[in-house]
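# Survey of secondary and tertiary structure
In case you want the letters, here they are:
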Amino acid sequence: MFRVSRFMNDLLHPTPPAARRAPPGPVVIWNLVRRCNLTCMHCYSISADIDFPGELSTADVFGVMDDLKAFRVPALILSGGEPLLRPDLFEIAARAKDLGLYVALSTNGTLIDAPLAARIRDAGFGYVGISLDGLEKTHDRFRRKEQAFAKSLAALRLLRDLQVKVGVRFTLTRDKAADFEPLLDVVEQERIPRFYFSHLNYAGRGNVNRKRDAEFRTSRDAMDVLFARCWDHARRGLERDYVTGNNDADGVYFLQWARQHVADLDQDRLRAKLAEWGGNSSGVNVANIDNLGNVHPDTMWWDCTLGNVRSRPFSAIWTDTRHPVMAGLKARPRAIGGRCGTCAYFDVCGGNTRVRAMKVSGDPWAEDPGCYLTDEEISA
């Protein structure tokens, strides 16, 4: 995850680089339930509106959370499927809060009415993310549900008005690129404080539909639009949080963008700050537990299972580098081949996303085919 706003604000109020520090434990994205009322075209969990057998019970979840707390996990992101379809969601959230964990909710928003919005507020979620895949026509087509856009936008408004911190998530594909800038306008007009821009990762239906992935020029154009808007907001002192994910080349492209657009730029300092961030953190600072209790290096890597929390504590699974994928992800530097391995900015992006490499080449340590930077740019 690349926090664009944080780096933009740092350009205005510089801070010195520091040694890269690992968090006490990984942020855990937990797909509590696979059932969903939508069948979105790029769903990484291939969810559907049916019950999936074998999901963790409430007692199972509570036991895992005790281990997560002891392992110093700082935050849980409760996801699905559609997590609001899990009857014990609020019981789970309350337990996590009692343990002192930061708890966020990832939902499609279509089920949220005024009473449910109030319940979400009262549960104390630190953040609620809701996806909008473009304007109404585009969103409903990708979500395969009429009125999905209207219902999601209504949920954002309800939560915003209840002072719940909310954000919009958007995944760029070629079919949705034309809606990107108009959607940013909607987010600004609706006073939504956070915007998460995701590149398509090749997982679940996102892998099946990767032919719709944005071409490299489209990705660069989108980053130019996002960086320009964020820079404008930062200089005007507006509190907006812009974040990108699933393509750590964004950090390198940001450095090149800043060289062209920021006067009196201290390039060495910014370069060092980006290296402090370090790029991809799969298997290190971010983890995934699926609805069956399987542990994965991140949410996009469900075909790589490291263990199951029913038979072994998460803490033991996460620290075990006998699994070759975990050994490779935790290595510093990672041993990645191709143009990623020779990239002059490897310390900034960390070799980018391993799932795309695996899906395209069969080798998780090959170059990331989703890097949109030219050979000349990564040799500078």
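Now for a description of the structure that goes with this document. (Residues numbered from 1 in each chain as written. Predicted model: local features only at pLDDT ≥ 70, side-chain atom pairs only at ≥ 80, totals over all residues. Heavy atoms only, no water.)

Under the criterion given, the structure shown has 24 salt bridges. The salt bridge involving Arg-269 is made with Asp-10; its shortest N-O contact spans 2.6 Å. Remark: Asp-10 occurs in helix α1 (residues 4-12) and Arg-269 occurs in helix α11 (residues 267-277); sequence separation between them is 259 residues. By relative accessible area, Asp-10 is classed as buried at 7%. The closest approach of N and O atoms between Asp-88 and Arg-86, which form a salt bridge, is 2.5 Å. Like Arg-86, Asp-88 is buried. The network of salt bridges with common partners includes Arg-157, Arg-160, Asp-161 and Glu-190. (Salt bridge = Lys/Arg side-chain N within 4 Å of Asp/Glu carboxyl O. Helix = DSSP H or I, 4+ residues; strand = E, 2+ residues; numbered from the N terminus. Buried < 20%, exposed > 50% of the residue type's maximum accessible area, 1.4 Å probe, protein only.)

Pairing within the open sheet is mixed, and its 11 strands lie in the order β1-β8-β7-β6-β5-β4-β3-β2-β9-β10-β11. A strand with exactly one partner marks an edge of an open sheet, and here the two such strands are β1 (2-3) and β11 (307-308). Bridge analysis of strand β6 (residues 166-172) against strand β7 (residues 194-199) gives 6 bridges, and the strand direction is parallel. Counterpart to Thr-171 in the pairing with β7 is Ser-198. (Pairing = 2+ DSSP bridges.)

Each pair of aromatic rings is reported with the distance of its centres and the angle of its planes. Going through the model one piece at a time under the given rule, you end up with 19 aromatic pairs. Here Phe-227 and Phe-254 contribute two aromatic rings whose centre-to-centre distance is 5.4 Å and whose plane-to-plane angle is 80°, an arrangement assigned as edge-to-face. Residue Phe-227 is located in helix α9 (residues 216-235), and its partner Phe-254 is located in helix α10 (residues 249-261); the two are separated by 27 residues in the primary sequence. Exposure remark for Phe-254: the relative accessible area of 0% places this residue in the buried category. Among the aromatic residues, those joined into a ring-pair cluster are Phe-2, Phe-7, Phe-227, Trp-231, Tyr-253, Phe-254, Trp-257, Trp-277 and Tyr-372. (Phe/Tyr/Trp six-rings, centres within 6.5 Å; stacked < 30°, edge-to-face > 60°.)

The final tally for this structure, using the stated rule, is 3 cavities of 30 Å³ or more. For the largest cavity, the calculated volume is near 90 Å³. In terms of lining residues, the largest cavity is bounded by Ala-249, Val-252, Arg-339, Cys-340, Cys-343, Phe-346, Cys-349, Asn-352, Cys-371, Leu-373 and Ile-378. Listed by contribution, the elements that provide at least two residues to the lining of the largest cavity are α10, α14 (338-341) and α15 (346-349). Its residues assigned to classes, the lining of the largest cavity comprises 9 nonpolar, 1 polar and 1 charged. (1 Å grid on protein atoms, 1.4 Å probe; cavity = no way out; pocket = protein on both sides within 12 Å on 5 of 7 lines; lining within 4 Å. Points joined across faces, edges and corners; volume = space filled by probe spheres on them. Nonpolar A, V, L, I, M, F, W, Y, C, P; charged D, E, K, R; others polar.)

A few words on the packing of α9 against α10. Their axes nearest at 11 Å, the elements α9 and α10 cross at an angle of 60°. The orientation of α9 with respect to α10, classified from their angle, is oblique. In this structure, α9 meets α10 at a crossing whose hand is right-handed. Contacts between α9 and α10 involve Arg-220, Met-223, Asp-224, Phe-227, Ala-228 and Trp-231 from the first element and Asp-250, Tyr-253, Phe-254, Trp-257 and His-261 from the second. (Axes fitted to C-alpha atoms, helices over the stretch in contact; angles between N-to-C directions. Parallel < 35°, antiparallel > 145°, perpendicular 65-115°, else oblique. Left-handed = near helix turned anticlockwise from the far one by under 90°. Contact = heavy atoms within 4.5 Å.)

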